[in-house]
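Residue-level listing of the chains:
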Amino acid sequence: MPEYLNIAGNTIAYDVSGEGLLVVLAHGMGDSRHSYRFVVPALVAAGYRVANVDIRGCGDSSLGWDGYSRTDIAGDLVALVRHLGGPAVIMGQSISGGAATIAAATAPDLITGVVELAPFTRKQSVSLGGLLRVKRHRAGSTRLGMTMALGSLSAWKKYLDLAYPTKPADWAGELGRIEAKLSEPGRMKVLQAMCKTAPTDAGAQLVNVRCPVLVIEGSLDPDWADPLAEGEKIVADLPDGLGEVVVIDGAGHYPHAQTPDEVVTLTLPFLAKTLANA
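To start, this report covers the structure provided alongside it. Just so you know, these numbers come straight off a predicted model, no measurement behind them.

What to know about unusual backbone geometry
In this structure, the amide linkage connecting Gly86 to the following residue, Pro87, adopts the cis form with an omega of 5 degrees. Among the structural elements, Pro87 can be located in the loop between helix 2 (70–84) and strand 5 (88–93). The backbone of Ser94 sits at a positive phi, close to 60 degrees, despite the residue not being glycine. Structurally, the position occupied by Ser94 is in the loop between strand 5 and helix 3 (95–106). Residue Ser94 is classed as buried on the basis of its relative accessible area, which comes to 4%. Phi angles above zero are rare outside glycine, and Ala118 is one such case at about 45 degrees. Its location among the elements puts Ala118 in the loop between strand 6 (111–117) and helix 4 (128–133).

What follows is the structure in structure tokens.
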């Protein structure tokens, strides 16, 4: 059973495993902490205390929040680190990558490093050339657009099929879990709200980050025509020398679930470096 942190009358759910320096894991929209099911045991085995979070409105966390922006999610993550006792490195995927950026910029005393997985951290612009040139990007954008406009669970499942170019061995059960959770009243509304929140708040905070940042992209992520270029733009907007981008060949939008061994291999040296003097 998860633990719960009360924030202004609502609750976020989380699990804590292991002992040692703190690593906080935050998933993307329409998902839950279960997406990190392959990463948590490896980080615990490496000697870290791992807090795996259901971001607001998702998983076992409550509904009814006033907002679902990256700034809102960042405030929750900072509150959890304070509650558990930091400092911490935050690993955030997709919308939570942007939230982790904001957390690092606004709470530099607590956040000593950020790992961003396929992050939406910068203001996005539609490239007609990219849509025409890259079929997977065109299809992904169409399916996300239908999810946002219609609240369509079917469109979201079709997007996930594309966003996982290869599926984890337990994918049938995991997709069933996702479908059951999003079928609960109010959950798809949260997903729609998150789809509509622009990442401009996170992009504006990149210049204020003072800790190291590791950006991990998947080469087959359908959310961008060129995932490497997106990661490089995030690094370019950070202060000089703080950011690094790595691309996992063949991974999609969920590298932590599709290629967890590669994510852990990249993350462990980063954690050792950024938490060494914590």
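Some points on the pairing of strand 3 (residues 22–26)
With 5 of its 5 residues buried, strand 3 lies for the most part within the structure. Neither face of strand 3 is left uncovered, since the one carrying Leu22, Val24 and Ala26 and the one carrying Val23 and Leu25 both have all their residues buried. Sheet analysis places strand 3 next to strand 4 (residues 49–54), joined by 5 bridges and oriented parallel. In the strand pairing of strand 4, Val24 is matched with Ala51. Traced from strand 3 through helix 1 (residues 39–45) to strand 4, the parallel crossover comes out right-handed. Summarising the sheet, strand 3 and strand 5 pair through 5 bridges and their orientation is parallel. Across the sheet, residue Leu22 finds its bridge partner in strand 5, namely Ala88.

Brief notes about the pairing of strand 7 (residues 213–218)
Of all 6 residues making up strand 7, 6 are buried, and the element is well covered by its neighbours. Neither face of strand 7 is left uncovered, since the one carrying Val213, Val215 and Glu217 and the one carrying Leu214, Ile216 and Gly218 both have all their residues buried. The sheet contact formed by strand 6 and strand 7 spans 4 bridges and is parallel. Residue pairing for strand 7: Glu116 is matched across the bridge by Val215. At this point the chain moves from strand 7, through helix 10 (residues 227–237), to the parallel strand 8 (residues 243–248), and the crossover so formed is right-handed.

How each quantity is defined
- Residues numbered from 1 in each chain as written.
- Predicted model: local features only at pLDDT ≥ 70, side-chain atom pairs only at ≥ 80, totals over all residues.
- Heavy atoms only, no water.
- Helix = DSSP H or I, 4+ residues; strand = E, 2+ residues; numbered from the N terminus.
- Buried < 20%, exposed > 50% of the residue type's maximum accessible area, 1.4 Å probe, protein only.
- Pairing = 2+ DSSP bridges.
- Right-handed = clockwise from strand over helix to strand, strands pointing away.

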